[in-house]
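The primary structure of each chain is shown beneath.
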Amino acid sequence: MDYLNIMKNRNSCRDFSDQPVDEAVLSRLLEAAVCAPTSGGFQNYSIIKVKEPERKQALAKLCRNQGFIGKAPVNLIFCVDLHREKRIAESYSVLPNIQFDYESLSMFIMDAAIAAQTLCIAAEAEGLGCVLIGNIVTNQNQVAELLNLPKQVLPVIMVSLGHRKNKGTISGKYPPSVMVHEETYQEQDIADLQAAWKAKYADWNIKPNEKLMTRIGEITKAYFGEDYAAKGTQLIQRNNWVDPFSFWYGYYYPNHEGMMTASDHLKFLEEQEMTGYKKK
Ligand SMILES: Cc1cc2nc3c(=O)[nH]c(=O)nc-3n(C[C@H](O)[C@H](O)[C@H](O)COP(=O)(O)O)c2cc1C
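The rules we used
Residues numbered from 1 in each chain as written. Predicted model: local features only at pLDDT ≥ 70, side-chain atom pairs only at ≥ 80, totals over all residues. Heavy atoms only, no water. Helix = DSSP H or I, 4+ residues; strand = E, 2+ residues; numbered from the N terminus. Contact = heavy atoms within 4.5 Å. Areas by Shrake-Rupley, 256 points an atom, 1.4 Å probe, with all protein chains shown as cover. Near = heavy atom within 4 Å. Polar contact = N/O pair within 3.5 Å; in protein donor to acceptor, adjacent residues only side chain to side chain. 1 Å grid on protein atoms, 1.4 Å probe; cavity = no way out; pocket = protein on both sides within 12 Å on 5 of 7 lines; lining within 4 Å. Sits in = over half its atoms within 2 Å of the grid points. Buried < 20%, exposed > 50% of the residue type's maximum accessible area, 1.4 Å probe, protein only. Pairing = 2+ DSSP bridges. Salt bridge = Lys/Arg side-chain N within 4 Å of Asp/Glu carboxyl O. Points joined across faces, edges and corners; volume = space filled by probe spheres on them. Nonpolar A, V, L, I, M, F, W, Y, C, P; charged D, E, K, R; others polar. Domains from an automatic or database assignment. Core = buried A, V, L, I, M, F, W, Y, C linked by side-chain atoms within 4.5 Å. Phe/Tyr/Trp six-rings, centres within 6.5 Å; stacked < 30°, edge-to-face > 60°. Lys NZ or Arg CZ within 6 Å of the ring centre and 35° of its normal. Patch = residues over 30% accessible without salt bridge, like charges linked within 9 Å, V, L, I, M, F, W, Y side chains within 5 Å. Disulfide = S-S within 2.5 Å.

**A short note on the overall build of the protein chain**
Helix and strand content of the protein chain: 13 helices and four strands. Across its three principal directions, the C-alpha atoms of the protein chain cover 70 × 50 × 45 Å. A fraction of 80% describes how many contacts in the protein chain between residues 6 or more apart in sequence connect residues 24 or more apart. For the protein chain, the exposed area adds up to about 17000 Å²; of that, 54% sits on carbon and sulfur atoms.

This is the structure in structure tokens:
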């Protein structure tokens, strides 16, 4: 299969069969992942392979209770890792400034994510199913504890991997005509954007119910006030359709129950002795 076919036919898999992933295949995927480009060629990341049922269940719980994580035969946690390089450098008696600054931390996070996505494409090419799990950062500190991560190691993205139970559906995507700008940013015609948005969400069919409407109403009110919330919920009822904005931004993502706050994340970076981001 050529790359365009692989990309056009891929989708995230959240429904895995019990069939284990062949070790030889997994080794090939990991071999492909570590060939991914990294900033400075440093490869400042590590991959933790988790297969043990109890640990998978614990991961599922920490990642916003996404149950399928517990059922995936393998979960691969990609972590920024400054610990390994520091140990090697110190063994040569040098004083490394491996943390650099904010820019470097961003780069190291990107490195880990690029390696994860490289593995995902390889998995598709091998006929496996996978999904990236950004919610591995939702309770980053507890994930670090669960995986026995040393100081200077930070979990940033996970891949849940296995055999698909079914092919699932391919979600709508904006075409390049919407995503790509020539030379400088061009403000596009709103009618074109609306048409692309409608096409992207053509299969989106969530109907209002009491639970959804109550929460969307509360969240919208908290962010934008009572009048706006009333207008928004009336529109949803009139259309008999919970649009993707209302669902994701007004219902699913604002539920921060049991999740780290922004200041918890900064505190965790301190605890992990990863404070390079504070430098110039
Ligand atoms: C950075 C990142 C984080 C993601 N986190 C999650 C996640 O925590 N749970 C999940 O089910 N899907 C997650 N996804 C998968 C997206 O939901 C998915 O890619 C998107 O809905 C488009 O669907 P597709 O992958 O089938 O094309 C994540 C994807 C990315 C790139």
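Now that the structure has been shown, we can carry on.
**Some thoughts on the site of the ligand**
Not every one of the 14 residues close to the ligand is listed here, only the nearest: Arg10, Ser12, Arg14, Gly134 and Lys173. Arginine 10 is positioned with one of its side-chain polar atoms (N or O) 2.6 Å from an oxygen atom of the ligand. A total of 610 Å² of accessible area belongs to the ligand in isolation, and the protein chains cover 62% of it. For the ligand, the cavity whose grid points lie within 2 Å of the majority of its atoms is the largest pocket. Ranked by residue count, the leading element in the shell around the ligand is strand E3 (residues 129-133), at three residues.

**Thoughts on the pairing of E3**
E3 sits mainly inside the fold: four of its five residues count as buried. Examined bridge by bridge, E3 and strand E4 (residues 153-162) share five bridges and lie antiparallel to one another. The residue of E4 that forms the bridge with glycine 129 is glycine 162.

**Here we look at the pattern of salt bridges**
Applying the stated criterion across every chain, the model contains 10 salt bridges. Here lysine 51 ties to glutamate 23 by a salt bridge, and the two come within 2.1 Å at their closest N and O atoms. With lysine 51 in the loop between strand E1 (45-50) and helix H3 (53-62) and glutamate 23 in helix H2 (residues 23-33), the pair connects residues that are 28 residues apart, well separated along the chain. For arginine 55, the salt bridge goes to glutamate 52, with nearest N and O atoms at 3.6 Å. Note on arginine 55: relative accessible area 31%, which makes it partly exposed. Among the residues examined, glutamate 52 registers a relative accessible area of 41% and is labelled partly exposed.

**As for the layout of surface pockets**
By volume, the largest pocket is sized at about 1200 Å³. If you go around the largest pocket, you meet 37 residues; those closest to its centre are Ser12, Arg14, Val131, Ser171 and Trp248. Grouping the amino acids of the lining of the largest pocket by side-chain chemistry returns 17 nonpolar, 11 polar and nine charged. Shared between two domains, the lining of the largest pocket holds at least three residues of each, these being domain 1 (3-169) and domain 2 (204-252).

**A closer look at the domain arrangement of the protein chain**
Under the domain assignment used here, the protein chain contains domain 1 (3-169) and domain 2 (204-252). Computed over C-alpha atoms, the centres of domain 1 and domain 2 are 34 Å apart.

**Some details on unusual backbone geometry**
Here the phi dihedral of serine 93 falls at roughly 60 degrees; this positive angle occurs in a residue that is not glycine. Phi is positive for phenylalanine 100, which is not a glycine, with a value near 50 degrees.

**Re the nonpolar core**
For soluble globular proteins, the rule of thumb is that nonpolar side chains tend to be buried together. Counting residues in each nonpolar core, the largest one holds 57 residues, and the members touching the most others are Leu76, Phe78 and Leu161. The greatest single-element share of this core, amounting to nine residues, is contributed by helix H6 (residues 102-125). Residues within four places of phenylalanine 78 in sequence aside, it is in contact with Tyr45, Ser46, Ile47, Ala112, Ala115, Ala116, Leu119, Leu154, Pro155, Val156, Ile157 and Val159. Residues Ile216, Val242, Phe247 and Tyr251 belong to the second largest nonpolar core, which totals eight residues.

**Quick look at the packing of aromatic side chains**
Describing an aromatic ring pair means giving the distance of the ring centres and the angle of the ring planes. All chains considered together, the criterion is met by 17 aromatic pairs. Between the aromatic rings of phenylalanine 100 and phenylalanine 108, the centroid separation amounts to 6.5 Å while the plane-to-plane angle is 55 degrees, which identifies the pairing as tilted. For phenylalanine 100, a relative accessible area of 35% translates into the label partly exposed. A network of ring pairs unites the aromatic residues Trp197, Tyr201, Trp204, Trp241, Phe245, Phe247, Trp248, Tyr249, Tyr251, Tyr252 and Tyr253 as a single cluster. Against the face of tyrosine 252 rests arginine 64, its NZ or CZ located 4.5 Å from the ring centre. Over the face of the ring belonging to tyrosine 174 we find lysine 200, whose NZ or CZ atom lies 4.3 Å from the ring centre.

**Remarks on a nonpolar patch on the surface**
A surface patch of nonpolar side chains, amounting to about 330 Å² of accessible area, comprises Ile88, Tyr92 and Val94. Position of tyrosine 92 relative to the elements: it lies in the loop between helix H5 (83-91) and H6.

**Some remarks on the state of the cysteines**
According to the stated counting rule, one finds zero disulfides in the structure shown. Not part of a disulfide, cysteine 35 finds its nearest cysteine sulfur in cysteine 120, a span of 16 Å.

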